[in-house]
Amino acid sequence: MFRHLSYLLAFSAFTTSAALSAQDDDTNHSEAPENQIVVTGEREKEAQQRVNEMTKAITRRPKIDKPIARQYGDICVGVFGMSADYANGIIGQVEENARALGIRVSPEGCRVNTLIAFVRDGHAELEDLRKSAPWLFESLLDYEYKRILRGSGGAFAWHSTKVKEVDGKEMAMMSFGNPPRDVVVSDPFTASNISQQIRVDMIGSVVLIEKSLVPGKTIRQLADYISMRSFASVDDMASDGPDTTSTILSLFTSNGPAAEGMTDFDWSYLEALYKLPSTAHGSTVHDAAWSAYRKRALKIDDDRTSD
């Protein structure tokens, strides 16, 4: 079924967390402010640990020292394997999420570069795609392909990426040394470019979801899950639990009730990612995600003035 998709589509290149606040159970109101500070501080520390651990767990960090990949160009969303009404509902929600993050959406009639496919057998379709549309995997290293197979077991996501100069200019490939080694440099090349700053553009994204996972899921849940996997290089969360903060990334793995959509953690992660400098690396998103979460979920403003 999916093997003919390359003829239809082409890539351009290729628990909402409640605010943690102190509970004033002491009838002695003169002591309440001091107690509140202590309790709030403890809960904030616990929340920070959870958020930091989750951020580390989901972020796909490259083995080589490159900036974290993001969407810089316009996205064009296409859905394969669902009825038109269902597909349009998902596309509309994904595009709404993109705009909320400042990601541009291409006008109608564009060439698809953000593909969502609902399939019967994810592993089989993945292997078939490697043969019928190898260009979808051209930018992936071996370990990155193996990483696709991790997660829920029925949902698979990856990105085609391209290294560019920090201002978005194209780069060229040159060979140096003996034996020759390919090196990405700016075009045209100058000696000063040895230390040239770079960014990594997502030029295409693919999310495959097995149809057996769809029953019981709303369009909002599916679209928000797809948004997280399309707009960021992240893995599924293994499950929800008492030591984790709710996330849409556990939609297909949690044994308990699934999040109704993207949670405070999810939005905080994406907002932090898309506000970072284009040269930011994977480790940078940790502190940024926590800062965003403090504002969104805990209602603590880092920019507040102190006496």
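Residues numbered from 1 in each chain as written. Predicted model: local features only at pLDDT ≥ 70, side-chain atom pairs only at ≥ 80, totals over all residues. Heavy atoms only, no water.

A.B. asks: Looking at this structure, I do not really get the overall build of the protein chain. What am I missing?
C.D. replies: A tally of helices and strands in the protein chain yields seven helices and six strands. If you list the helices and strands of the protein chain from N to C, you get α-β-α-β-α-α-β-β-β-β-α-α-α. Taken over 307 residues, the protein chain has a buried fraction of 47%. Looking at the protein chain as shown, the accessible area adds up to about 16,000 Å², and 49% of this sits on carbon and sulfur atoms. (Helix = DSSP H or I, 4+ residues; strand = E, 2+ residues; numbered from the N terminus. Buried < 20%, exposed > 50% of the residue type's maximum accessible area, 1.4 Å probe, protein only. Areas by Shrake-Rupley, 256 points an atom, 1.4 Å probe, with all protein chains shown as cover.)

A.B. asks: I'm lost on helix α7 (residues 284-296) in this one. Help?
C.D. replies: Each full turn of the α-helix corresponds to 3.6 residues, which orients residues three or four apart in the same direction. Over its 13 residues, α7 runs 19 Å from end to end, which matches the ideal 18 Å to within 8%, given 1.5 Å per residue. Looking only at α7, the buried set comprises V285, H286, A288, A289, W290, A292, Y293 and R294. (Expected span 1.5 Å × (residues − 1).)

A.B. asks: Please explain helix α2 (residues 84-100) as it appears in this structure.
C.D. replies: The terminal C-alpha atoms of α2, which comprises 17 residues, lie 24 Å apart, in line with the 24 Å expected from a rise of 1.5 Å per residue. Close packing links the buried residues of α2 with β1 (77-80), β2 (114-119), α5 (219-231) and α6 (264-275). Trailing α2 by a residue or two, G102 shows a phi angle of about 85°, which is positive. (Contact = heavy atoms within 4.5 Å.)

A.B. asks: Can you help me understand the state of the cysteines in this one?
C.D. replies: Between two cysteines, a covalent bond joining their sulfur atoms is known as a disulfide. Scanning all chains against the criterion turns up one disulfide. Linked covalently through their sulfurs, C76 and C110 form a disulfide whose S-S length is 1.9 Å. Handedness of the C76-C110 disulfide follows from its S-S torsion of about 85°: it is right-handed. Pair noted here: C76 is in the loop between α1 (32-58) and β1 and C110 is in the loop between α2 and β2, with a separation of 34 residues, a long-range link. (Disulfide = S-S within 2.5 Å.)

A.B. asks: Please clarify how the pattern of salt bridges should be interpreted in this entry.
C.D. replies: Once their charged atoms are close, side chains differing in charge can pair, the charge on each being opposite to the other. Scanning the model with the defined rule gives nine salt bridges in all. E44 is the salt-bridge partner of R294, the closest N and O atoms lying 2.8 Å from each other. One end of the pair, R294, is in helix α7; the other, E44, is in helix α1, and 250 residues separate them in sequence. With respect to class, R294 is no different from E44; both count as buried. D224 serves as the salt-bridge partner of R220, at 2.8 Å between the closest nitrogen and oxygen. Remark: D224 and R220 occur in helix α5; sequence separation between them is four residues, near one turn of the helix. Taking relative accessible area as the criterion, R220 reaches 40% and is therefore assigned partly exposed. Residue classification places D224 among the buried residues on the basis of a relative accessible area of 0%. (Salt bridge = Lys/Arg side-chain N within 4 Å of Asp/Glu carboxyl O.)

A.B. asks: Would you take a moment to explain the packing of α6 against α7 for this structure?
C.D. replies: Working note: a packed helix pair is described by the angle between its axes plus the distance between those axes. Packing of α6 against α7 brings their axes to within 8 Å, and their N-to-C directions diverge by 130°. By the angle class used here, α6 and α7 are oblique. Regarding α6 and α7, the two cross each other, and that crossing is right-handed. In this structure, α6 contributes D264, F265, W267, S268, Y269, E271, A272 and L273 to the contact, and α7 contributes V285, A288, A289, A292, Y293 and R296. Residues that form the contact of α6 with α7 fall into these classes: ten nonpolar, one polar and three charged. (Axes fitted to C-alpha atoms, helices over the stretch in contact; angles between N-to-C directions. Parallel < 35°, antiparallel > 145°, perpendicular 65-115°, else oblique. Left-handed = near helix turned anticlockwise from the far one by under 90°. Nonpolar A, V, L, I, M, F, W, Y, C, P; charged D, E, K, R; others polar.)

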